[in-house]
Amino acid sequence: MSGNNPNVSCPSCSHSFTLKGKAMTLAMTCPNCHIYYRRGNWNKDITKFENTYPQALPLGAKGKIDGTVYEVMGFLVKKEKRYKYTWREYMLFNPYLGYAFLSEYDGHWNFIWPIEDNPKEHRVDNSFVYEHETYQLFQKYNAEVIYANGEFFFDVVDLTDSTLTEEYIAPPFLLGREVNEDSLLWFKGEYITEKELSEAFDIPAKNFPQKRGLGYTEPVSTSFSDQSLIIVGILLCLFVILSQLFLSSFDKNTVVYQDTFSADKLTSQKVFITPSFTLEGSSKNLDIETYAPLSNDWFYAEFTLINEDDGTEYNFTKEIEYYSGYEGGESWSEGSMFGEALLSKIPGGHYHINIYPEFSTLNHEFSIKVTRDLPTYTNMWVVILCIIIYPAVYLVHKRYREQARWSESDYSPYD
Amino acid sequence: MIRNQLYSCPSCQLSCIARSDETILLTCRHCGTVISDNNAKKYSPAPVPEDWSFIQIGTKGIFNNKDFVVIGRIRFQLRNDYKNCWTIIYNDNQLGWLIESMGSLAIFETKTYSLSVEHTSKLKANVVIKIGKDIKVTGEYVEKCETLSYEGEVGPWKDLSTGFFMIQASSNNGTVLMFTVRPQQDSLYIVGKKTDLQQLKLENSIEWNEWK
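Note that the coordinates shown come from a computational prediction; the quantities given were computed from them, not determined experimentally.

How do you make sense of the overall build of chain B when you look at a structure like this?
Along its length, chain B carries 2 helices and 15 strands. A compact globule built from 212 residues should have a C-alpha radius of gyration of about 17 Å, and chain B, at 17 Å, falls within 12% of that. Counting only C-alpha atoms and orienting by the principal axes, one finds that chain B spans roughly 50 × 45 × 35 Å. If you take every contact in chain B between residues at least 6 apart in sequence, the share linking residues at least 24 apart comes to 50%.

Put into structure tokens, the structure is as follows:
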């Protein structure tokens, strides 16, 4: 820093040093004996910390965050009074924007700055909307400073000790409300990645604490919103459906043969041979629908579709069962009197079908209907399923991650 | 003091001109000696300590479509904060306050209002109070003034001594009230609007190049 900085003398060891924050520094630690003390007249107490803690960002380091250059002025380790967990805060300074903080817990970082608004104002509920984001109460806590190093623009030890903090989250953002007898302060924060921080301060990311779990403001995905994902999914599905309807309009859906067969006309070879029928055009699908008037009965047949031009055979079987009854005051049924076989890519030509039926003792007839170029929707449903799978898996995964995030909160909406 | 009157510095005899009738003191731009009207209250020298403010005497800006220039300041050192109350003079010769602290900016009128002891006792952080018919504000902080210092041409601050409590209260529409409170006394307050650097379009401010 430039300028004619004031010198101060440590009240414990008399070590003289220059304040980087000039007249703005109101509390500090001695670089020699590491005690914490205040500059004003209202409190001459000296605080000695039991332990020292490593800091990832050294005092005096400068970094550019959101286009603004900040300098690290002070480092704090805070401990929550009830659950006893600790986290680290770095006080940053820029002469045009004032102070800000970088807060780190379990390797997850938030950039935090004071705001002039009162986002919650007179509301008392745990959820509210601010700047189009819905914030939910994540935690309320009282904390204490267990270690400090550097310079501070306010008495961080006393203020932390007397302040109740509420934190509301809408990942990657957070809003904090700090209240004590003498002040009400709102701050806003945003999750910042190790990579962004490493680039901002030109410090290798390996020097930062190792990341564990999901940060309480860490976004599950930063590249798109749930809403945009759902909208894109719906639009893609609509596109596929409309495309299918458009393409289906060209399908001829022509019945090329249909007939009914009775058991008493079965030849000694136990086969029905259909008359020859013609399939027009190039390779297209062929649907063979079988119907048998069953009642608590079954029907089975083997089919051979024979291309009379080149002798190619297409074999398939079809078994139909239909049962119904009345039991315990309710009627029931299972199975169907219809069966369907769809053969794809059948070339044009002259064909007939050999049918080898097996009749039960009750049923003695069946019929078939052969349809050429039938519109099919199987491919459409496969594509739609593929489109839906990603958002579905993503949303399930996100819910799982959200539950994990809120598992550390006393105010979880998942409880 | 009297507008456009020349005042001679009692120490170095440099001539200084008051730019407003509302000015309560001047400091000599050469030696820093306090110059006050012969008939007015005498003030002791209280040089402003060096801080990181980017505003300085001579900084120009615009507020409510009126040009202004900074002509002086009072710096209040609070227990956990500070307030630089810059005296500004608009191009129609009216005075105002540009109050700055840690990047937070607000413009106040110099007109001072009074609040009774009874109402003053309700002024606390995180408490909503109603002032008059229209203003409803939430207390933001209560800070005791430890020391004060001044430079340049200082506008009509009514209580230029330490020991009072400074209370800031504001509403979500940006209205902000600054109270000076002493125990068992009516409080004084001024009314202003929160603003920011972009709106003020400041010129001739200090360029801290190492922060760019």
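Structure's up, so let's keep going.
Looking at this model, I keep getting lost on the interface of chain A and chain B. Mind explaining?
Interface size is commonly expressed as the accessible area that is lost once the parts come together. Counting from both sides, the interface comprises 32 residues of chain A and, opposite them, 29 residues of chain B. Its residues assigned to classes, the side of chain A that touches chain B comprises 15 nonpolar, 10 polar and 7 charged.

What exactly am I supposed to notice about the domain arrangement of chain B here?
Residues and elements named next belong to chain B. Annotation of chain B at the domain level lists domain 1 (1–39) and domain 2 (53–200). Centre-to-centre, using C-alpha coordinates, domain 1 lies 24 Å away from domain 2. At the junction of the two partners, domain 1 supplies 9 residues and domain 2 supplies 13 residues. Considering only residue class, the side of domain 1 that touches domain 2 consists of 4 nonpolar, 3 polar and 2 charged.

Can you help me understand the pairing of strand E12 (residues 133–152) of chain A in this one?
Within a regular strand, side chains alternate between the sheet's two faces. Residue and element names in this part refer to chain A. Pairing between strand E3 (residues 27–29) and E12: 2 bridges, direction antiparallel. Of the residues in E12, the one forming a bridge with Ala27 is Phe152. Summarising the sheet, strand E7 (residues 68–80) and E12 pair through 7 bridges and their orientation is antiparallel. Across the sheet, the residue bridging to Lys79 is Glu144, located in E12.

Just checking my understanding: could you explain unusual backbone geometry for this structure?
Peptide bonds are mostly trans, and most non-glycine residues show a negative phi. Residue A:Pro172 follows A:Pro171 across a cis peptide bond; omega there is 10°. For A:Pro172, the location among the structural elements is in the loop between strand E13 (164–170) and strand E14 (173–179). Positive phi, close to 50°, is recorded for A:Glu131, a residue that is not glycine. Within the secondary structure, A:Glu131 sits in the loop between strand E11 (127–130) and E12. Overall, A:Glu131 belongs to the exposed group, with 12 C-beta atoms counted inside 10 Å. For B:Met102, which is not glycine, the phi dihedral falls at a positive 50°. With respect to the helices and strands, B:Met102 occurs in the loop between strand E8 (95–101) and strand E9 (104–109).

What's the story with the environment of A:Met24 in this structure? I'm lost.
All names here are of chain A. Looking at the element boundaries, Met24 is found in the loop between strand E2 (16–18) and E3. Classification of Met24 by C-beta neighbours within 10 Å gives buried; the count is 26. Spatially, the C-alpha atoms of Met24 and Glu151 are 9.4 Å apart, while their sequence positions differ by 127 residues.

Explain the domain arrangement of chain A to me, please; I cannot follow it from the model alone.
As assigned here, chain A comprises domain 1 (7–207) and domain 2 (254–374). Each of domain 1 of chain A and domain 2 of chain A has a C-alpha centre, and these two points are 79 Å apart.

What is the right way to read the pairing of strand E21 (residues 313–327) of chain A from this model?
Residue and element names in this part refer to chain A. Relative to E21, strand E20 (residues 297–307) is paired through 10 bridges, and the arrangement is antiparallel. Bridge pairing links Tyr300 to Glu319 in E21. Count of turn residues in the E20/E21 antiparallel hairpin: 5 residues, of which Gly311 carries a positive phi of about 80°. One ladder, built from 6 bridges, connects E21 with strand E22 (residues 330–335); its direction is antiparallel. By the bridge assignment, Gly325 is partnered in E22 with Trp332. Linking E21 back to E22 in an antiparallel pair, the connection comprises 2 residues, with Gly328 at a positive phi of about 60°.

Got a minute to help me understand the nonpolar core in this structure?
Generally speaking, a soluble globular protein has its nonpolar side chains buried in company with each other. Formed by 91 residues in total, the largest nonpolar core has its most connected members in A:Leu92, B:Ile88 and B:Leu98. In contact with B:Ile88, other than residues within four places in its own chain, are B:Phe68, B:Val69, B:Val70, B:Ile71, B:Leu95, B:Gly96, B:Trp97 and B:Leu98. If you look at the next biggest cluster of nonpolar residues, it comprises 17 residues, including A:Ala292, A:Phe299, A:Leu305 and A:Ile368.

In this structure, what is going on with helix H2 (residues 194–201) of chain A? I would like to understand it.
For the α-helix, the turn length of 3.6 residues means that residues three or four positions removed from each other point alike. Residue and element names in this part refer to chain A. For H2, every residue scored as buried is listed here: Glu194, Leu197, Ala200 and Phe201. When H2 is viewed along its axis, its buried side chains cluster within an angular range of 130° and face the same direction. Taken together, the buried residues of H2 touch strand E6 (62–65), strand E10 (108–115) and strand E15 (184–192). Of the residues flanking the end of H2, it is Asp202, one or two places downstream, whose phi is positive at about 55°.

How each quantity is defined
- Residue numbering note: each chain is counted from 1, following its sequence as written.
- To read the labels, note that chains go from A and ligands from 1, taken in the order they are written.
- Owing to the predicted nature of the model, reporting of local features is limited to residues with pLDDT of at least 70; listing and counting of side-chain atom pairs is limited to 80 or more, with chain, interface and lining totals taken over all residues.
- In this description a helix means any DSSP run of H or I spanning at least four residues, a strand means any run of E spanning at least two, and both kinds are numbered starting from the N terminus.
- For a compact globule the rule gives 2.2 Å times the number of residues to the power 0.38, and the radius of gyration it is set against comes from C-alpha atoms.
- Contacts here follow a simple rule: the backbone-placed C-beta atoms of the two residues must lie within 7 Å.
- Ten residues, namely Ala, Val, Leu, Ile, Met, Phe, Trp, Tyr, Cys and Pro, are considered nonpolar, four, namely Asp, Glu, Lys and Arg, are considered charged, and the remaining ones, Gly among them, are considered polar.
- These domain limits were set by an automatic method or by a database of domain assignments.
- Strand pairing is assigned whenever DSSP identifies at least 2 bridges connecting the two strands.
- For every residue, the other C-beta atoms within 10 Å of its own C-beta are counted; 20 or more classify it as buried, 12 or fewer as exposed, and values in between as partly exposed. C-beta atoms are placed from the backbone.
- As used here, a nonpolar core is made of buried Ala, Val, Leu, Ile, Met, Phe, Trp, Tyr and Cys residues. They are joined through C-beta atoms within 7 Å.
- As used here, the arc is the angular range of directions from the helix axis to the C-beta atoms.

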